[in-house]
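Below, each chain spelled out in residue letters.
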Amino acid sequence: MDLSIVPVHTEEQLRDCFAVRIRVFVEEQGVSPEEEMDDYDASPSAARHFLIMNGNEPAAAARWIMYDGKTAKLQRIAVMKPYRGYGLGRQIIQAMEEDIRTQGVPAIILDGQTHAEAFYEKLGYKTVSTEPFLDAGIWHVRMRKEL
């Protein structure tokens, strides 16, 4: 594989992010396109989008936003099916964490699907919600990590 992690700066890169997310969340998991896309997708600068490319093919995508003045929120973390099991989820999260550190933000939250809770725990995230909740018809937990 010829993998590269790319902070998104162009409309073309943003479209590649959308292609990953539509495949994973809309086609595989049944989330409606209206729920998947939001104001943070309006432009490459509306959020801090990240992309992992395998050569010219998008393999994974994610984004982060400021949640409040001292917390960032990871969102829309998705890896295309052929690339699962190769550590791309970990790599894109670590790239976003480093980006967040450079901004001086001391903590991160995310709303992770319950089946991925153990994955996030391995990366240092701790569950802070008292019980799972539904988001886009999928069970999630709120998790947090101090940087």
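Residues numbered from 1 in each chain as written. Predicted model: local features only at pLDDT ≥ 70, side-chain atom pairs only at ≥ 80, totals over all residues. Heavy atoms only, no water.

- Going by an unreviewed UniProt entry, the protein carries the name GNAT family N-acetyltransferase and comes from Paenibacillus oleatilyticus.

**Considering the environment of glutamine 29**
Point 1. In this structure, glutamine 29 sits in the loop between α1 (11–28) and α2 (33–36).
Point 2. Sequence separation of glutamine 29 and tyrosine 86 is 57 residues, and the distance between their C-alpha atoms is 21 Å.
Point 3. Not counting residues up to four positions away in its chain, the partners in contact with glutamine 29 are Val24, Gln113, His115 and Ile138. (Helix = DSSP H or I, 4+ residues; strand = E, 2+ residues; numbered from the N terminus. Contact = heavy atoms within 4.5 Å.)

**Description of the pattern of salt bridges**
Point 1. One pass over the full model with this rule turns up 14 salt bridges.
Point 2. Here arginine 63 makes a salt bridge to aspartate 38, at a shortest N to O gap of 2.7 Å. Here the residue arginine 63 occupies a position in strand β3 (residues 57–68), and aspartate 38 occupies one in the loop between α2 and β2 (48–54), the gap between them amounting to 25 residues.
Point 3. You can call aspartate 38 partly exposed: its relative accessible area is 27%.
Point 4. Notably, a salt bridge pairs arginine 144 with glutamate 146, separated by 2.6 Å at the nearest N-O pair.
Point 5. The exposed category is assigned to glutamate 146, whose relative accessible area is 51%.
Point 6. Within the structure, one salt-bridge network assembled from shared partners comprises Arg21, Glu36, Asp38, Asp41, Arg63 and Arg76. (Salt bridge = Lys/Arg side-chain N within 4 Å of Asp/Glu carboxyl O. Buried < 20%, exposed > 50% of the residue type's maximum accessible area, 1.4 Å probe, protein only.)

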